[in-house]
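The primary structure of each chain is shown beneath.
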Amino acid sequence: MRTIDLRSDTVTKPSAGMREAMARAEVGDDVLDGDPTMRALEERVAGLTGHEAALWMPTGSMSNLVALMIHLVRGDSFIASAHTHVLDSELGTAASLAQGMPVTLPWSDLAGLPDAEDVSRAASAVGPYYSLRPALLCLENTHNAAGGSVVPVERQREVVLAARSAGLAVHLDGARVWHAAAALGCSVSELTSQADTVSVCLSKGLGVPVGSVLAGTAETMVRARRLRKMLGGGVRQGGVLAAAGLHALDHHLAEIDNDRLLALRLAAGLTDAGFSIVPPTSNIVLVRSKDALETTRLLRESGVLASTMAGNVRFVTHRDVREEDVDEVLGRLAEHRVREGELVN
Ligand SMILES: *Cc1c(COP(=O)(O)O)cnc(C)c1O
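Let me sum up the structure you'll find in this document. Here the structure is a predicted model, which means the values were calculated and not measured.

**Digging into unusual backbone geometry**
Argument step 1. With an omega dihedral of 0°, the bond running from Asn141 to Thr142 counts as a cis peptide bond.
Argument step 2. Structurally, Thr142 can be placed in the loop between β5 (133-140) and α7 (153-164).
Argument step 3. Located in the positive-phi region is Leu91, a residue other than glycine, with phi close to 55°.
Argument step 4. We classify Leu91 as exposed; its relative accessible area is 83%.

This is how it looks when you write it as structure tokens:
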């Protein structure tokens, strides 16, 4: 039985064209005096995101961490909406390494996005000298745990302005901002240029084996470069990896909305089969479940790989699956019984 892997859009394998581009890459030593292909990728991403400069990062987690280290000092707090990646999935490095005390805000009517008034209130909280100082708002678009929720340009701007008018900096975790822009039909920069720093993933959806990019001002990137080295993220012939990123931006970015169309197809089929889902706005379909782990185990027996996310079963569509695969998944699910929206043997 063929396994269909919908655990994440990180499971994509580099295409033949991407591997060729990597093999051909012109390289240098990026810790010593620079790597031309990494420079080209960074300039490209700076342009795409509407920022002055950018810096390649080995992972999105390091990219977020470096950004938080830039924005926060000991005694600061940062505001983030519930279940963002920086809060739930980075081992608390926002606190343990970047020294920020998290202030979590609930989602507004738009899943994944805090309410602008809540942000204003939290951002302008003033207290005696010994109280924490809010210094940063952390946003995520699309919001992974909210089911890849897409935050529209104007809704994001409201929240950004609420933070800025209280003097806070804004960091956008745009691991899947490509999907957000494609779903909204806007440019990536309309979303990313709103923030002081933005992190984008090349290893999500775009099929790149390794890499994220942090963007911001040139001065911020000079600081980010030192911090990346401090964390052990300086690489030598990184051009081999950067070439994969450039190839993805040239050849795969334009196709990224296919992932959303596949998610809609999967969602429609799951709904028909009696599951309760969070309707997708990008490439993630969350299925509500009383026992998500047990459901993923049953699915695995049918050769369908899914993951769990905030108590739900999570399916992520990506460039290595096509419509036939989605239909195959739905067919295999039909071999099980569904009782009260739960998969049973
Ligand atoms: C995947 C992801 C990251 C970064 O993950 P890495 O595995 O460290 O590259 C950051 N934010 C979000 C929202 C993500 O989904």
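What follows picks up the thread again.
**A few points about the nonpolar core**
Argument step 1. Counting 50 residues, the largest nonpolar core has Leu41, Leu137, Leu139, Trp178 and Leu206 as its most contacted members.
Argument step 2. When residues no more than four places from it in sequence are discounted, the contact partners of Leu206 are Met18, Trp178, Cys201, Ala248, Leu249, His252, Leu253, Ile256 and Arg319.

**Overview of the sheet that holds strand β10 (residues 284-288)**
Argument step 1. Read across the sheet, four strands follow the order β9-β10-β13-β12 without closing on themselves; strand pairing throughout is antiparallel. In this open sheet, the two strands that pair with only one neighbour each are β9 (277-278) and β12 (307-309).
Argument step 2. Bridging between β10 and strand β13 (residues 312-316) involves five bridges; their strand directions are antiparallel. Residue pairing in the sheet places Val287 in a bridge with Val313 of β13.
Argument step 3. With respect to the sheet, helix α12 (residues 257-272) is in contact with β9, β10 and β13, its orientation differing from that of β10 by roughly 20°.
Argument step 4. Sheet strands in contact with helix α13 (residues 292-301) are β12 and β13, and its direction is about 45° off that of β13.

**Some words on the site of the ligand**
Argument step 1. The environment of the ligand is made up of Thr59, Gly60, Ser61, Asn64, His85, Glu90, Glu140, Asn144, Asp173, Ala175, Arg176 and Lys204.
Argument step 2. With respect to the ligand, the backbone of Gly60 contributes an N or O atom lying 2.8 Å from an oxygen atom.
Argument step 3. Ser61 is positioned with one of its side-chain polar atoms (N or O) 2.6 Å from an oxygen atom of the ligand.
Argument step 4. Within the complex, the protein chains bury 83% of what would otherwise be the 380 Å² of accessible surface of the ligand.
Argument step 5. It is helix α3 (residues 60-71) that provides the largest number of residues to the shell around the ligand, a total of three residues.
Argument step 6. Residues that form the shell around the ligand fall into these classes: one nonpolar, six polar and five charged.

**With respect to the environment of Gly75**
Argument step 1. In this structure, Gly75 sits in the loop between α3 and β3 (76-81).
Argument step 2. Residue Gly75 is classed as partly exposed on the basis of its relative accessible area of 38%.
Argument step 3. The spacing of Gly75 and Leu132 is 57 residues in sequence and 5.5 Å in space, taken between C-alpha atoms.

**Some thoughts on the sheet that holds β5**
Argument step 1. Strand order in this open sheet of seven strands is β2-β8-β7-β6-β5-β3-β4, and the pairing throughout is mixed. Each edge of the sheet is formed by a strand with only one pairing partner; in this case those strands are β2 (53-57) and β4 (100-105). Looking at each pair of strands side by side, their axes are set apart by 20° on average, direction ignored.
Argument step 2. Contacts from helix α10 (residues 218-230) reach β2, β7 (197-201) and β8 (212-216), with the element oriented near 20° to β2.

**Points about the pattern of salt bridges**
Argument step 1. Taken as a whole, this structure holds 22 salt bridges when the rule is applied.
Argument step 2. Note that Arg260 is salt-bridged to Asp257, the shortest N-O span being 2.8 Å. Highlighted residues: Arg260 and Asp257, both in helix α12, separated by three residues, approximately one helical turn.
Argument step 3. Members of the salt-bridge network, linked through shared partners, are Asp30, Arg39, Glu42, Arg225 and Arg228.

**Remarks on the side chain of Thr49**
Argument step 1. Within the secondary structure, Thr49 is located in helix α2 (residues 36-49).
Argument step 2. Take Thr49: its relative accessible area is 0%, and that puts it in the buried class.
Argument step 3. Once residues lying within four places of it in the same chain are set aside, the contact partners of Thr49 are Val188, Ser189, Thr192, Ser193, Val198, Val200 and Ala215.

**Quick word on empty space enclosed by the protein**
Argument step 1. Under the defined criterion, the tally for this structure stands at two cavities of 30 Å³ or more.
Argument step 2. Around the largest cavity sit Leu270, Phe275, Val287, Thr295, Leu299, Val313, Phe315, Leu333 and Leu343, which together line it.
Argument step 3. When residues of the lining of the largest cavity are traced back to their parent elements, those giving at least two are α13 and β13.
Argument step 4. Residue composition of the lining of the largest cavity, by class: eight nonpolar, one polar and no charged.
Argument step 5. Of the volumes computed, that of the second largest cavity is approximately 30 Å³.

What counts and how
- Residues numbered from 1 in each chain as written.
- Predicted model: local features only at pLDDT ≥ 70, side-chain atom pairs only at ≥ 80, totals over all residues.
- Heavy atoms only, no water.
- Helix = DSSP H or I, 4+ residues; strand = E, 2+ residues; numbered from the N terminus.
- Buried < 20%, exposed > 50% of the residue type's maximum accessible area, 1.4 Å probe, protein only.
- Core = buried A, V, L, I, M, F, W, Y, C linked by side-chain atoms within 4.5 Å.
- Contact = heavy atoms within 4.5 Å.
- Pairing = 2+ DSSP bridges.
- Axes fitted to C-alpha atoms, helices over the stretch in contact; angles between N-to-C directions.
- Near = heavy atom within 4 Å.
- Polar contact = N/O pair within 3.5 Å; in protein donor to acceptor, adjacent residues only side chain to side chain.
- Areas by Shrake-Rupley, 256 points an atom, 1.4 Å probe, with all protein chains shown as cover.
- Nonpolar A, V, L, I, M, F, W, Y, C, P; charged D, E, K, R; others polar.
- Salt bridge = Lys/Arg side-chain N within 4 Å of Asp/Glu carboxyl O.
- 1 Å grid on protein atoms, 1.4 Å probe; cavity = no way out; pocket = protein on both sides within 12 Å on 5 of 7 lines; lining within 4 Å.
- Points joined across faces, edges and corners; volume = space filled by probe spheres on them.

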